[in-house]
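Here's the letter readout for the chains.
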Amino acid sequence: MRSRLIKAARMGKRLFKNLLCATPMGRRFFFPPARRAVTLGPDDARYSWRLFTRQFDRLREAGFSAEAQHILDVGPGRNIGSALLWWAANGGGSVSVVLWDVDANMMVNEQALRDSSRALIEAAETDQSPLPVMLEHLHEVAEGRRLPEIAYLVCDDEQFASRVQTAFDLILSHSCFEHIWDPVPTLSILAERTASEGW
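Treat the numbers as computed from the prediction; the structure is a model and nothing was measured.

Scoring rules and cut-offs
- Residues numbered from 1 in each chain as written.
- Predicted model: local features only at pLDDT ≥ 70, side-chain atom pairs only at ≥ 80, totals over all residues.
- Heavy atoms only, no water.
- Core = buried A, V, L, I, M, F, W, Y, C linked by side-chain atoms within 4.5 Å.
- Buried < 20%, exposed > 50% of the residue type's maximum accessible area, 1.4 Å probe, protein only.
- Helix = DSSP H or I, 4+ residues; strand = E, 2+ residues; numbered from the N terminus.
- Contact = heavy atoms within 4.5 Å.
- Pairing = 2+ DSSP bridges.
- Right-handed = clockwise from strand over helix to strand, strands pointing away.

Draft legend 1. The arrangement of the nonpolar core in detail. Formed by 36 residues in total, the largest nonpolar core has its most connected members in W49, F52, F64, I71, W86, L138 and L170. At the level of elements, α3 (42-61), α4 (80-89), β2 (96-101), α5 (110-123), α6 (131-142), β3 (149-154) and β4 (170-173) are the ones that each hand at least two residues to this core. For this core, the element with the most residues is α4, which contributes eight residues. Not counting chain neighbours up to four residues away, the residues in contact with F64 comprise F56, L59, W86, N90, L170 and W199. V98, F160, V164 and C176 belong to the second-largest nonpolar core, a separate cluster that totals 13 residues.

Draft legend 2. Examining the pairing of strand β1 (residues 70-74) more closely. When you tally the buried positions in β1, you get four out of five residues, the bulk of the element. Across five bridges, the pairing between β1 and β2 is parallel. Looking at the pairing, V74 lines up with W100 of β2. Following the backbone out of β1, through α4 and into the adjacent parallel β2, one traces a crossover that is right-handed. Sheet topology note: the β1/β4 ladder contains four bridges and is parallel. Each residue of the ladder has a partner; that of V74, found in β4, is S173.

This is the structure we're talking about:
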């Protein structure tokens, strides 16, 4: 009985927060600019690796070959680490990653990318794959020898549809769609933006 009450209280709290975040004032309260992530902490970096490894393994089992040139991460929240890992896993270099969110939750600039790459390198575990090549690309970013093409877009569905015409080879999302009241328009846009051989 007690666990059901706790679960109901948590759900009520989440619902209340989601309702407040639907308003500009609520978004400013819960996501003030001073709380935006500038870099990854050790726990954030470990989380990024766990999330990436789980997604990568599932995609690889389905036949994904890690050759995506255009990647879209929908609703990344404060997680810049996943973008860096997907960029590195797909060869770095000319790979582009777009992070799309409706609220500004992080800062994406050269310093944030360098610092976050360092945190990811420190959090890497030796049994992760394709680790050696990925670490090489992350070292290039951490040392300032390369700046990955990672764009951060903060806009709604309509703005995204009009601003972004790229056909993405890989579209990812994690813990995002449960926060969208009507996901059908978003899913329609994503279907239109998925390349013919995309994932």
